[in-house]
Every structure is written in C-alpha cells, then in structure tokens.
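Residue-level listing of the chains:
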Amino acid sequence: RSIKTQRERPSETVWLARVGMNIMNLSGGSAEGLSSKMGYNVNFEFNKPMGEWGAYWGMNFGLGSRGYKVDDVKAIAHNFQYSPFTFGWKIRVTDNIRIDPHIGVYASIDYAGKIKEEGESISWGDMADYDGVDYRRYDVGMNSGVGVWYDRFNLDLCYQCGFVDVYSDYDGIKTSNF
C-alpha cells in the first residue's frame, strides 16, 4: 500500500503594514472655502494573488483621519477603517519594479474627533449642540490609487472618496482624502 503525499507550497499571500501621510479635506457643493489639513493613515493588509499574471485581491484594517480647516477653524476626526475588498494588478516593469493600480471599497467609523476655533475645542459629536448640525461618525466609500513597488518596498498614492454626507444638515459634504 502506498501513500501519496502532496508537497505543500508556501503561501503566496503578501502581508503588509503601511504608514503614511493623509491630506484631508471635505468635498461637495457646500464645502467651498475649506482647506486641506495633514493627517495620517496606518493599515495592516494582505494581497492574495489571483492567477499568474499579477492580479490580486486583498483586505485591510487600519486607523486613519479625516478633517479640514477653514479660517481659524481646524477639525480632525480619528477613525477605524476596514476595506473588505481591494482589487489590484501588479504590472512587472523589471525584475524588481512593479506598477500597482488598485481599487476597493471601505467603511469607517470615527472614535474621536475635535474642532478647534480661537482656542476653544469641542468634539465633533458635540457640534450638534454648538452649531446646530448633526455629525455622522461613519462613512462608506471607495479607495483608488497606484503604487510603485521596488523589491518589497512600496510608494503608494491613493484617493479616498466618501459616499456618506459628513453632516446631515449640509447636503453633499463628503470625505475627500489623498
């Protein structure tokens, strides 16, 4: 009696940790006059190859920020982000260099945030009492971008476009991060 064994291949899944700057702003008709503000984005993710030609799918979980500034007002919110599906294609240029266009969806929920104006600071959640508007702590949207890989290092530029209005009383103001 013979027992056949199959050689196990090592996993082709690529695990990543990304740390980056975030240029935060809000977009839409009612967001005129708002300026960008610097923030952050930290993600833990994986890419799983689909076939032999460079296509992959992945997921990520991370921490990020969104916000804006206008005149003397500066606003920032800190959030948990989850991207259940990202599709990309690592296009080989040389043995060590690949171009990586990618697109995906995300969901986020703010766990903290504040608005500073002339030395006074209030939380985004208290803005309803302060300014008479309701703030939405959650967002759903799309990520799209392109990266350049050199060996195992990546420089990635990504645009995050929210689909949910940040304030219920101001129609059309959405998250817009780069």
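1. Section: a positive patch on the surface
Where like charges cluster on the molecular surface, the positive patch consists of Lys69, Lys74, Lys114 and Lys116. Assignment of secondary structure puts Lys116 in strand 6 (residues 97–117). Of the residues examined, Lys116 reaches a relative accessible area of 42% and is grouped as partly exposed.

2. Points about the pattern of salt bridges
Pairing of side chains with opposite charge becomes possible as their charged atoms draw close. Counting across every chain of the model gives three salt bridges. The closest approach of N and O atoms between Asp110 and Arg66, which form a salt bridge, is 2.9 Å. Taken together, the residues span a long stretch of sequence, with Asp110 in strand 6 and Arg66 in strand 3 (residues 55–70) at a distance of 44 residues. When its relative accessible area of 2% is taken as the criterion, Asp110 is described as buried. Under the relative-accessibility criterion, Arg66 is labelled buried at 1%. Notably, a salt bridge pairs Lys174 with Asp165, separated by 2.4 Å at the nearest N-O pair.

3. Details of the side chain of Arg18
Relative to the assigned elements, Arg18 resides in strand 1 (residues 14–27). Among the polar contacts listed, one links the side chain of Arg18 to the side chain of Glu45, at a separation of 2.9 Å. Among all residues touching Arg18, those that are not within four sequence positions of it are Asn41, Val42, Asn43, Glu45, Trp149, Asn154 and Asp156.

4. As for the layout of surface pockets
Of the voids in this model, the largest pocket is the one considered here, and its volume is about 850 Å³. For the largest pocket, the lining is made up of 36 residues, of which Arg18, Asn41, Asn43, Asp156 and Cys158 are closest to its centre. Elements that contribute at least two residues to the lining of the largest pocket include exactly strand 1, strand 2 (37–49), strand 3, strand 4 (73–89), strand 6, strand 8 (138–150) and strand 9 (153–162). With eight residues, strand 1 is the single largest residue contributor to the lining of the largest pocket. When the residues that make up the lining of the largest pocket are grouped by side-chain class, the tally is 16 nonpolar, 16 polar and four charged. Each pocket or cavity is described by its volume, and for the second largest pocket that value is around 440 Å³. Lining the second largest pocket we find 16 residues, and of these Pro49, Gly54, Lys90, Arg92 and Arg98 sit closest to its centre. Each residue belonging to the lining of the second largest pocket can be placed in one class, and the counts come to seven nonpolar, three polar and six charged.

Quick notes on the rules
Residues numbered from 1 in each chain as written. Predicted model: local features only at pLDDT ≥ 70, side-chain atom pairs only at ≥ 80, totals over all residues. Heavy atoms only, no water. Patch = residues over 30% accessible without salt bridge, like charges linked within 9 Å, V, L, I, M, F, W, Y side chains within 5 Å. Areas by Shrake-Rupley, 256 points an atom, 1.4 Å probe, with all protein chains shown as cover. Salt bridge = Lys/Arg side-chain N within 4 Å of Asp/Glu carboxyl O. Lys, Arg positive; Asp, Glu negative; His and termini not counted. Charge placed at Lys NZ, Arg CZ, Asp CG, Glu CD. Helix = DSSP H or I, 4+ residues; strand = E, 2+ residues; numbered from the N terminus. Buried < 20%, exposed > 50% of the residue type's maximum accessible area, 1.4 Å probe, protein only. Polar contact = N/O pair within 3.5 Å; in protein donor to acceptor, adjacent residues only side chain to side chain. Contact = heavy atoms within 4.5 Å. 1 Å grid on protein atoms, 1.4 Å probe; cavity = no way out; pocket = protein on both sides within 12 Å on 5 of 7 lines; lining within 4 Å. Points joined across faces, edges and corners; volume = space filled by probe spheres on them. Nonpolar A, V, L, I, M, F, W, Y, C, P; charged D, E, K, R; others polar.

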